[in-house]
Amino acid sequence: MLQALGEARIVVTKRCVDVPDLMASAASGAAAVAVVSGDLPRLDAEAVMHLLRYDVRTLGVSADPSAGERLARLGVVETTAPDPAAVVAAVLRVAARDVVADPDGDDGRATGRHLDEGRPSARGRVLAVWGPAGSPGRTTVAVGLADALAAAGRPVLLVDADPYGGTIAQQLGVLDEISGLLAVARMANLGTLDGEALARACRRVGDRFDLVTGLPRADRRVEVRPDVLGTVLATAADGSDVVVDCGFCLEDPDVPLARDRMTLDALAAADEVVVVGTAEPAGLARLARGLVELRDVAGGVPLRVVVNRMRPTLGWSERDIVGMIEGYARPLGVHFLPEDRAAVDRALVAGRALSELGESHLRAALTELATALDPSAPVLSRAAARPAGRRGLRRRLAG
Ligand SMILES: Nc1ncnc2c1ncn2[C@@H]1O[C@H](COP(=O)(O)OP(=O)(O)OP(=O)(O)O)[C@@H](O)[C@H]1O
Ligand SMILES: [Mg+2]
């Protein structure tokens, strides 16, 4: 191969002994293409992404015709047979592929983003449930929404991606010795995650929806490597709607810490973000700030606001709150969930989803939210469809 490459006037800058050597060599900026053996130990999505950051595209070489699919999932641009002429031609092709130098580019395989493009109709949506600090009810909404979408007959996968450690398994009485999220993240990083592998890592909840259980401890979040969650969510969306329970941290996106990174990756993969805030004064103030932060990090992602724990004793109307929210964002809809301690406690004590426990105000409101999220249903909820409310509440919060 070296001889054939030389004859084609392709300069081989270095013959690397292993992946760390290859990654260090990429940093020198001298190479445009990394030619790797398809079964190179420790070649994973993170290594391929590292190479791309230095503008080095990876070409796989393998005698196994089925290796290409696995390598493509790692972000390898092309895989070719170990034939000198074929390798020379592939190196020239791969070197000319500018577009893959941008991991957010039109390929999108390694990050799982760009789900809209060329999406087959069987593809579900990724709905990221996010909300500011202060436990506004992200997990309650994520579980309730997954449950309500499943009750409407949709295949649903719920992913517990809270970087502070998962709680959904415990809430739903699912015993899982192994974290589903860590298992699928590991497979995504190795390029072995496909629909079947994902299904094996899921737990079934009451024969209604599937669950990827969360992190056992917050410090294990470093094992969910950057961009891997995007791959997991893209795989998950192949055939079901995906609801993701996210963390709240969205700090500086230029220097993301591991805890922010998971949330930012989930938001980047989302087709729609469900923003949860609570109806009390501090909750609404945090919601307003959260909407501004979200706009900064997630740009034009479509969002929907859920005002949780709404109750008449707070003294403001739904219309007041819609008016305040519209001062900060243009959501697809604003939805209200009532304070319903009795229903929530029944579900928590029984370790079950709300729909398994009969009727409740909260369940009815979640069903309405799930209906609004159905792409074939009208997009605005009743509350949001009303004319914009008074701005008095915004002044009260700002003061
Ligand atoms: N609509 C509701 N009515 C009554 N209680 C609620 C409602 N929604 C949430 N809660 C309660 O509020 C608390 C926080 O809810 P939850 O755990 O869903 O919040 P979170 O945003 O996921 O918090 P964390 O920051 O811990 O992830 C829980 O005790 C939950 O039962
Ligand atoms: Mg939570």
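Higher on the page you've got the structure.
Rules used throughout
- Residues numbered from 1 in each chain as written.
- Chains lettered and ligands numbered in written order.
- Predicted model: local features only at pLDDT ≥ 70, side-chain atom pairs only at ≥ 80, totals over all residues.
- Heavy atoms only, no water.
- Helix = DSSP H or I, 4+ residues; strand = E, 2+ residues; numbered from the N terminus.
- Contact = heavy atoms within 4.5 Å.
- Areas by Shrake-Rupley, 256 points an atom, 1.4 Å probe, with all protein chains shown as cover.
- Buried < 20%, exposed > 50% of the residue type's maximum accessible area, 1.4 Å probe, protein only.
- Near = heavy atom within 4 Å.
- Polar contact = N/O pair within 3.5 Å; in protein donor to acceptor, adjacent residues only side chain to side chain.
- Nonpolar A, V, L, I, M, F, W, Y, C, P; charged D, E, K, R; others polar.
- Phe/Tyr/Trp six-rings, centres within 6.5 Å; stacked < 30°, edge-to-face > 60°.
- Core = buried A, V, L, I, M, F, W, Y, C linked by side-chain atoms within 4.5 Å.
- Pairing = 2+ DSSP bridges.
- Axes fitted to C-alpha atoms, helices over the stretch in contact; angles between N-to-C directions.
- Salt bridge = Lys/Arg side-chain N within 4 Å of Asp/Glu carboxyl O.

(A) Here's a closer look at the overall build of the protein. A tally of helices and strands in the protein yields 17 helices and eleven strands. Within the protein, counting contacts between residues at least 6 apart in sequence, those at least 24 apart form 74% of the total. Carbon and sulfur atoms provide 52% of the accessible area of the protein, an area that totals close to 18,100 Å².

(B) Representation of helix 13 (residues 318-326). The buried fraction of helix 13 amounts to seven of the nine residues, a majority that puts the element mostly inside the structure. Residues Asp320, Ile321, Val322, Gly323, Met324, Ile325 and Glu326 constitute the buried set of helix 13.

(C) Inspection of the site of ligand 1 at higher detail. In the vicinity of ligand 1, 16 residues are found, and the nearest of them are Arg138, Thr139, Thr140, Asn308 and Val344. For ligand 1, an oxygen atom lies 3.0 Å from a polar atom in the side chain of serine 135. Between ligand 1 and the protein, one listed contact pairs a nitrogen atom with a side-chain N or O atom of asparagine 308 at 2.9 Å. Isolated, ligand 1 exposes 630 Å² of accessible area, and the fraction of that covered by the protein chains is 80%. At the level of secondary structure, the elements contributing two or more residues to the shell around ligand 1 comprise helix 6 (138-151), strand 10 (303-310) and helix 14 (341-350). The residue inventory of the shell around ligand 1, partitioned by class, reads five nonpolar, five polar and six charged.

(D) Inspection of the packing of aromatic side chains at higher detail. Scanning the model with the defined rule gives one aromatic pair in all. On the basis of an interplanar angle of 5° and a centroid distance of 5.4 Å, the ring pair of tyrosine 164 and phenylalanine 248 is categorised as stacked. In this pair, tyrosine 164 sits in the loop between strand 5 (156-160) and helix 7 (168-171) while phenylalanine 248 sits in the loop between strand 8 (241-245) and helix 11 (258-269), placing the two residues 84 residues apart along the sequence. Taking the relative accessible area as the measure of exposure, tyrosine 164 reaches 38% and is therefore partly exposed.

(E) Structural detail: the nonpolar core. Judged by nonpolar contacts, the single largest core of 58 residues is most densely connected at Val273 and Val307. In this structure, Leu127, Leu149, Leu337 and Val344 belong to the second largest nonpolar core, which totals 35 residues.

(F) Just helix 8 (residues 180-190), in detail. Of all eleven residues making up helix 8, nine are buried, and the element is well covered by its neighbours. Of the residues that open helix 8, the one with a side-chain oxygen 3.3 Å from the backbone nitrogen of leucine 181 is serine 179. Glycine 191, located one to two residues past helix 8, shows a positive phi value of around 80°.

(G) Structural detail: the sheet that holds strand 1 (residues 33-37). The sheet built from three strands is open, its strands ordered 1-2-3 with parallel pairing. Edge strands, defined here as strands with exactly one partner in the open sheet, are strand 1 and strand 3 (78-80). Geometrically, the sheet is characterised by an average inter-axis angle of 30° between neighbouring strands, direction not taken into account. Sheet analysis places strand 2 (residues 57-61) next to strand 3, joined by three bridges and oriented parallel. Residue pairing for strand 3: leucine 59 is matched across the bridge by glutamate 78. In the packing of helix 5 (residues 84-95) onto the sheet, contacts are made with strand 1, strand 2 and strand 3, and the angle to strand 2 comes to roughly 160°.

(H) The pattern of salt bridges, seen in detail. The full count for this structure, using the stated rule, is 20 salt bridges. A salt bridge links aspartate 210 to arginine 204; the nearest nitrogen and oxygen atoms lie 3.2 Å apart. Take aspartate 210: its relative accessible area is 24%, and that puts it in the partly exposed class. Looking at arginine 204, the relative accessible area reads 43%, which means it is partly exposed. Between arginine 217 and aspartate 219 there is a salt bridge whose closest N-O contact spans 3.0 Å.

(I) Quick peek at the side chain of aspartate 241. Position of aspartate 241 relative to the elements: it lies in strand 8. A residue is classified by how much of its surface remains accessible, and aspartate 241, at 3% relative accessible area, is buried. Reaching out from aspartate 241, the side chain makes a polar contact with the side chain of arginine 154 at a distance of 2.5 Å. Discounting chain neighbours no more than four positions away, the residues touching aspartate 241 are Gly124, Arg125, Arg154, Pro155, Val156 and Leu157.

(J) Seen up close, the sheet that holds strand 8. Ordered in space as 6-7-5-8-4-9-10-11, the eight strands form an open sheet in which the pairing is mixed. Since the sheet does not close on itself, it has two edges, and those belong to strand 6 (203-205) and strand 11 (334-338), each with one partner. Neighbour to neighbour, the strand axes of the sheet diverge by 25° on average, direction disregarded.

The quantities given are spatial measurements derived from coordinates; they are silent on function.
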